[in-house]
Amino acid sequence: MTADPSEWSGAEAAATAARLRRHPPLPRCGGRWLAWCALAAGTALMAGCGSGGGGDHNESTPALDPALVTQGKDVFRYDTFGDETQWTDTLKMDQVISAAVDPTTALSVGLKVDSQALPAAVVQGIKDGSVDLKSPDTTIALLKLNAVLGLKGTVETINGKDVLTRVGTTCALCHSTVDDSFAPGIGKRLDGWPNRDLDPGAIIALSPALSAVQKAVYNSWGPGKYDPRFNQDGLNGPQVIPPAYGLLGLHSIITTGDGTDLAYWNRYVGVTQMGGHGTFVDPRIGTRGVSVTNGTDDLITAKLPALQEYQLSLAAPPPPAGSFDPAAAQRGRVVFNGSGTCATCHSGPLLTDGNSRLHPVSETVGEPEAPGVPSWVARSATKMYRTTPLAGIWQHPPYFHNGSAPTLAAVVERYNMRKALGLSPAEMADLTEYLKSL
Ligand code: HEC
Ligand code: HEC
């Protein structure tokens, strides 16, 4: 293993290296970073810690283990942790897909297809129309090719016909999309990008195993949103699906900072939401705590280190060329650090103070929730909000945990009003350009 990110192989590693070069002083092995560095060294996260080759021997470049990253990519994309128990045995999604989900329907609920998993003949068939995008059999063929992001199917040949016998979900369902390079919804994978077209509620609501009341809740969420507590506390307040990139160096996980590492949340989602086999316990959550065990085996714990390593390797995507006005962004940066007071919370290389503190609802502007929607923090472990890191923010509107601000301009307007900042229209426009540049 090499401590030099530029020597890693793979596009993700290259992107991470590029990002680290843009934000070099991550983190210091000393002072308040000491405990983290010691911990990280033990998990091979920071092999170069304390012996970085740069001028300041106190600074180091976090190094990820490339073998673990590669292993974690496989887990992220293809591992169900045995959650077929939930999606097949309980929810009967194999039957739903086989009977009614042709590729056109699948794409319309935001499912994405990995064009690189398609053999040339299938690509040609889609182009010339000989592959029937209105037949569920084509969906089964795509599942057999492992080409539908976040869905893992077991396809067996029975009496000469391909039959979908098991189906499960993976992390890629919600936290991957494609670049649409082949067609809308079909292209190369973009791991870590939130799938804001995906309508997880509408997909789950297709299950014949649910009551009308449950279906109504699932159908109320809409694209890009998911409530990862509904099946635990029975309350309904969906969250925007966030990115899984740009998190290297942050030790406060999810909007409410419930965990200190990604593995905490990966275990939560893997067990309680996906239905993977294993155990998750946290008595702090909501008013009753959460304690779930699925199966008698544990198909999650051993995979968590690699899964976390892979996510940490995912860099936030830089803004597209020409997508913001650099001069205005430069002025906006001054507002961000000055009269906008943004940097009092959005501080440090990741533009968050999440490693040192959380904020009570009264300090934030993402609540109150819409009428009838329960407070999100009340359903969390900490009852507080973490300042959101902002790298790649241009990529994933709408904003705030509940998606209540449709654009970055709306975010700035909200802060200006709620915090009585008194920013002029020109300052607000500059600040918006700065946010677009991150
Ligand atoms: C059904 C959709 C869905 C699936 C599947 C899913 N997640 Fe999430 N994920 C969410 C939602 C919604 C949140 C927002 C929770 C919050 O921040 O309060 C989230 C949050 C996250 C975050 C953000 C962490 C942060 O601190 O900003 C990461 C990283 C993440 N998930 C990784 C994963 C991994 C790894 C898996 C597979 C084990 C997974 N997710 C499966 C919906 C999903
Ligand atoms: C008191 C601390 C604090 C200050 C000051 C602050 N923020 Fe935030 N910021 C937060 C928290 C906490 C959140 C998450 C709120 C939520 O999701 O409901 C957040 C969320 C955001 C988001 C949405 C991120 C996303 O992915 O949805 C943006 C953009 C943002 N802030 C920009 C700013 C700007 C611009 C300013 C200055 C005008 C500012 N913030 C001032 C704490 C702060």
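Residues numbered from 1 in each chain as written. Chains lettered and ligands numbered in written order. Predicted model: local features only at pLDDT ≥ 70, side-chain atom pairs only at ≥ 80, totals over all residues.

Q: What is the right way to look at the site of ligand 2 in this model?
A: Not every one of the 24 residues close to ligand 2 is listed here, only the nearest: Cys342, Cys345, Gly366, Tyr399 and His401. Listed by contribution, the elements that provide at least two residues to the shell around ligand 2 are helix H16 (408-418) and helix H17 (425-436). Broken down by element, the residue count for the shell around ligand 2 peaks at three residues, all from H16. Classifying every residue of the shell around ligand 2 gives twelve nonpolar, eleven polar and one charged. (Near = placed C-beta within 6 Å. Helix = DSSP H or I, 4+ residues; strand = E, 2+ residues; numbered from the N terminus. Nonpolar A, V, L, I, M, F, W, Y, C, P; charged D, E, K, R; others polar.)

Q: How should the site of ligand 1 be read in this particular structure?
A: Around ligand 1, the structure places 27 residues, and the nearest of them are Cys171, Cys174, Ala244, Ile254 and Thr255. At the level of secondary structure, the elements contributing two or more residues to the shell around ligand 1 comprise helix H9 (172-175), helix H13 (262-273) and helix H14 (304-312). Among the elements that make up the shell around ligand 1, the one with the highest residue count is H13 (six residues). The residue inventory of the shell around ligand 1, partitioned by class, reads 17 nonpolar, ten polar and no charged.

Q: What am I meant to see in the confidence of the model for the chain here?
A: Regions with low pLDDT should not have their predicted coordinates read in detail. Confidence in the prediction for the chain averages 88 pLDDT; 86% of positions are at 70 or higher. In this model, residues 1-61 is a region of pLDDT below 50 whose contacts with residues beyond four sequence positions or in other chains number 78 contacts. (pLDDT = per-residue confidence, 0-100. Contact = placed C-beta atoms within 7 Å.)

Q: Help me understand the packing of H13 against H14 in this model?
A: Axis angle and axis distance: for two packed helices, these are the angle between their axes and the distance between the axes, and together they describe the pair. Relative orientation of the contacting elements H13 and H14 amounts to 115 degrees, with a least axis distance of 9 Å. Crossing geometry of H13 relative to H14 is assigned as right-handed. Residue-level inspection shows Leu262, Ala263, Asn266 and Arg267 of H13 in contact with H14, the latter providing Leu304, Leu307, Gln308 and Gln311. (Axes fitted to C-alpha atoms, helices over the stretch in contact; angles between N-to-C directions. Left-handed = near helix turned anticlockwise from the far one by under 90°.)

Q: Just checking my understanding: could you explain unusual backbone geometry for this structure?
A: Where the residue is not glycine, phi is negative for most of them; where a peptide bond is considered, it is trans in most cases. Between Glu367 and the following residue, Pro368, the backbone shows a cis peptide bond with an omega angle of 5 degrees. Residue placement: Pro368 occurs in the loop between helix H15 (326-337) and H16. A cis amide bond, omega 0 degrees, links Pro397 with the succeeding residue Pro398. Secondary-structure assignment places Pro398 in the loop between H15 and H16. The backbone phi angle of Asn159 is positive, close to 50 degrees, even though this residue is not glycine. Residue placement: Asn159 occurs in the loop between strand S2 (151-158) and strand S3 (161-169).

Q: Where do I start with the nonpolar core in this structure?
A: What tends to happen in soluble globular proteins is that the nonpolar side chains get buried as a cluster. Residues Val148 and Leu173 are the most contacted members of the largest nonpolar core, which totals 77 residues. Two domains each put at least three residues into this core: domain 1 (26-57 + 313-438) and domain 2 (68-247 + 249-311). Dropping the residues within four chain positions of it, Val148 is found in contact with Ala106, Leu111, Val113, Leu142 and Leu143. Counting six residues, the second-largest nonpolar core is a separate cluster that includes Tyr268, Val271, Met274 and Phe280. (Core = buried A, V, L, I, M, F, W, Y, C linked by C-beta atoms within 7 Å. Buried ≥ 20, exposed ≤ 12 C-beta atoms within 10 Å, placed from the backbone. Domains from an automatic or database assignment.)

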